[in-house]
Amino acid sequence: MGLGKWIGGWLGWIMSQSILGAMVGYALGSMFDSLFGGGDERIEDDSSSSYGGWQQTDSYENQRAAEGDRNSFLFSLMVLAAHIIQADGKIMHSEMEHVRQFLRQSFGETAVEQGDSILKKLFEYRKEKGEYVWQQQIQQACQEMARQMQHEHRLQLMAFLCEIAKADGNLADVELKALRQVAVNLSLSADVVDQLLHLGGQTIEDAYAVLGITKDATDEEVRKAYRKMALQYHPDRVNTLGEDVKAAAQKKFQEINNAKEIIYKARNMK
């Protein structure tokens, strides 16, 4: 069966009570089928070993598991991107362009057009149903994501959402509140948002915020906080999400290391 139909089936299961999920599942299914031709090809194994069949099955199952991780990540990103983009009641070009850039780099220009269509449908759905229904369905969606997605994958999802919110150079209080609420509904700490929003900062204050500690922390607490962040945000933790997401994770990992170096230098730590 086509990849798009497989995604649709997954979404029908994960969001069985949500019109929102069904709508996005159909749109994403169509997007993937048009991009990849609806194929469902197994990985070929040329091995002449008597164990070749087992190796092929294992490779195929690993591929399918990776597809599942990536598809759920993309679904989650599109739904929550629509939520964050409109959190302040405005649809900013810079925030839309951040999502387009991800789709462009990952799947090509066709995906950008279809991604725009998905976001537009979500915006229209929010307006049609009203804020109460939208907020309830976003909460439900996040809770399902929390049950199905790995912790490290949810952290990378939040990192993308924080980047989207910052894309217009102005983070409104209502956007910050929306980000924190999404984090909580994803079974993450609201403090994760503050850490992610300070990534890339060059001040000592930014560095402490990234590691989630204060300037009063002991050297050992600094080391412990860094080790925890490095473990959670290591690029290898998102291998199944694709090279584009892994590259973004590598950038965040470097920014965490930079925060550590700023603090270590200020404290003369080694």
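One can find the structure itself at the top, above this paragraph.
Quantities reported herein were computed from a predicted structural model and do not represent experimental measurements. (Residues numbered from 1 in each chain as written. Predicted model: local features only at pLDDT ≥ 70, side-chain atom pairs only at ≥ 80, totals over all residues. Heavy atoms only, no water.)

*Asks:* Mind showing me how you'd approach the overall build of the protein chain here?
*Replies:* Along its length, the protein chain carries 12 helices and zero strands. Looking at the 270 residues of the protein chain, the share that counts as buried comes to 47%. By sequence separation, contacts in the protein chain at least 24 residues apart represent 72% of the contacts at least 6 residues apart. Per element, the accessible surface of the protein chain, about 13600 Å² overall, is 50% carbon and sulfur. (Helix = DSSP H or I, 4+ residues; strand = E, 2+ residues; numbered from the N terminus. Buried < 20%, exposed > 50% of the residue type's maximum accessible area, 1.4 Å probe, protein only. Contact = heavy atoms within 4.5 Å. Areas by Shrake-Rupley, 256 points an atom, 1.4 Å probe, with all protein chains shown as cover.)

*Asks:* Would you mind showing me how to read the packing of aromatic side chains here?
*Replies:* The relative placement of two aromatic rings is captured by the distance of their centres and the angle of their planes. According to the stated counting rule, one finds three aromatic pairs in the structure shown. Centroid distance Phe-73 to Phe-160: 5.9 Å. Interplanar angle 70 degrees. Geometry classified as edge-to-face. One end of the pair, Phe-73, is in helix α3 (residues 52–85); the other, Phe-160, is in helix α7 (residues 151–166), with 87 residues separating them in the sequence. The exposure class assigned to Phe-160 is buried, which follows from its relative accessible area of 6%. Each residue in the set Phe-73, Phe-102 and Phe-160 is aromatic and connected to the rest through ring pairs, giving one cluster. (Phe/Tyr/Trp six-rings, centres within 6.5 Å; stacked < 30°, edge-to-face > 60°.)

*Asks:* Teacher, can you tell me more about the nonpolar core here?
*Replies:* Most often, soluble globular proteins have nonpolar side chains that are buried together. Residues Leu-80, Leu-103, Leu-157, Met-158, Leu-161, Leu-186 and Leu-211 are the most contacted members of the largest nonpolar core, which totals 74 residues. It is α3 that contributes the most residues to this core, 11 residues altogether. In this structure Met-158 touches Leu-179, Val-182, Ala-183, Leu-186, Leu-188, Val-193 and Leu-196, once residues within four positions along its chain are discounted. (Core = buried A, V, L, I, M, F, W, Y, C linked by side-chain atoms within 4.5 Å.)

*Asks:* What am I meant to see in the packing of helix α10 (residues 204–211) against helix α12 (residues 243–267) here?
*Replies:* The angle between the axes and the distance between the axes are what describe a pair of packed helices. Axis separation between α10 and α12 bottoms out at 9 Å; the angle between their running directions is 120 degrees. The orientation of α10 with respect to α12, classified from their angle, is oblique. The element α10 and its partner α12 pack so that their crossing is left-handed. Contacts between α10 and α12 involve Ile-204, Ala-207, Tyr-208, Val-210 and Leu-211 from the former and Ile-256, Ala-259, Ile-262, Ile-263, Ala-266 and Arg-267 from the latter. The class makeup of the residues in the contact of α10 with α12 is 10 nonpolar, no polar and one charged. (Axes fitted to C-alpha atoms, helices over the stretch in contact; angles between N-to-C directions. Parallel < 35°, antiparallel > 145°, perpendicular 65-115°, else oblique. Left-handed = near helix turned anticlockwise from the far one by under 90°. Nonpolar A, V, L, I, M, F, W, Y, C, P; charged D, E, K, R; others polar.)

*Asks:* Help me out: how do you make sense of the environment of Lys-265 in this one?
*Replies:* Note that Lys-265 resides in helix α12. With 61 residues separating them along the chain, Lys-265 and Ile-204 place their C-alpha atoms 9.9 Å apart.

*Asks:* Is there a simple way to explain the side chain of Arg-126 in this structure?
*Replies:* Looking at the element boundaries, Arg-126 is found in helix α5 (residues 109–129). The buried category is assigned to Arg-126, whose relative accessible area is 6%. A polar side-chain atom of Arg-126 sits 2.7 Å from a polar atom in the side chain of Glu-131. (Polar contact = N/O pair within 3.5 Å; in protein donor to acceptor, adjacent residues only side chain to side chain.)

*Asks:* Even after reading the chapter, I still don't get the environment of Ala-87, so can you show me in this structure?
*Replies:* Along the chain, Ala-87 turns up in the loop between α3 and α4 (93–107). Since its relative accessible area comes to 15%, Ala-87 is described here as buried. In this structure, the C-alpha to C-alpha distance between Ala-87 and Val-174, residues 87 residues apart in sequence, is 6.4 Å. Excluding its chain neighbours within four sequence positions, the residues that come into contact with Ala-87 are Arg-126, Val-174, Glu-175 and Ala-178.

*Asks:* What should I look at first to understand the side chain of Arg-100 in this one?
*Replies:* As for its position among the elements, Arg-100 is in helix α4. Within the local environment of Arg-100, its side chain forms a polar contact with the side chain of Asp-116, the two groups lying 3.0 Å apart. Not counting residues up to four positions away in its chain, the partners in contact with Arg-100 are His-93, Val-112 and Asp-116.

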